[in-house]
Amino acid sequence: MPIWNPIKSVNVPLTEEQLKGLLKRYDKNGDGRLSRKELGDAFRSLGLNLSGWRAWRALRHADKNGDGYISEEEMEELVKTYYKNPSIIQQ
């Protein structure tokens, strides 16, 4: 299921690559991983309600090594999993 990009005037679903690119832009400190806050900011930019809760849920699902961040490898897996099962973020 595609994520809709509210930034554009016409709703266009994001591809996996576009979503990964958007998430990477929110790595504000450039450490190559996303904190819960950075992830929440990315979700907020997509127009998702309850972005903090969604960030917590995504982090809980994707943070395989338990360090509290989503690495680039974990982000790849999160995006792939999201497109197979959107409920990991949307519920």
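Residues numbered from 1 in each chain as written. Predicted model: local features only at pLDDT ≥ 70, side-chain atom pairs only at ≥ 80, totals over all residues. Heavy atoms only, no water.

Peer 1: Mind showing me how you'd approach the packing of helix α2 (residues 36-45) against helix α3 (residues 51-62) here?
Peer 2: The relative placement of two packed helices is expressed as an angle between their axes plus a distance between the axes. Between α2 and α3, the least distance of the axes is 8 Å, while the angle of their chain directions is 125°. The pairing of α2 with α3 is recorded here as oblique in orientation. For the crossing formed where α2 meets α3, the hand is right-handed. Two secondary-structure elements touch here, α2 through Arg 36, Leu 39, Gly 40, Phe 43 and Arg 44 and α3 through Ser 51, Gly 52, Arg 54, Ala 55, Trp 56, Ala 58 and Leu 59. Along the lines of polarity and charge, the residues of the contact of α2 with α3 split into 6 nonpolar, 3 polar and 3 charged. (Axes fitted to C-alpha atoms, helices over the stretch in contact; angles between N-to-C directions. Helix = DSSP H or I, 4+ residues; strand = E, 2+ residues; numbered from the N terminus. Parallel < 35°, antiparallel > 145°, perpendicular 65-115°, else oblique. Left-handed = near helix turned anticlockwise from the far one by under 90°. Contact = heavy atoms within 4.5 Å. Nonpolar A, V, L, I, M, F, W, Y, C, P; charged D, E, K, R; others polar.)

Peer 1: For this particular structure, what's the right way to read the environment of Asn 65?
Peer 2: With respect to the element layout, Asn 65 can be found in the loop between α3 and β2 (70-71). Overall, the relative accessible area of 52% leaves Asn 65 in the exposed class. For Asn 65, the side chain forms a polar contact with the main-chain nitrogen of Asp 67, separated by 3.2 Å. (Buried < 20%, exposed > 50% of the residue type's maximum accessible area, 1.4 Å probe, protein only. Polar contact = N/O pair within 3.5 Å; in protein donor to acceptor, adjacent residues only side chain to side chain.)

Keep in mind these numbers describe shape, not what the thing actually does.
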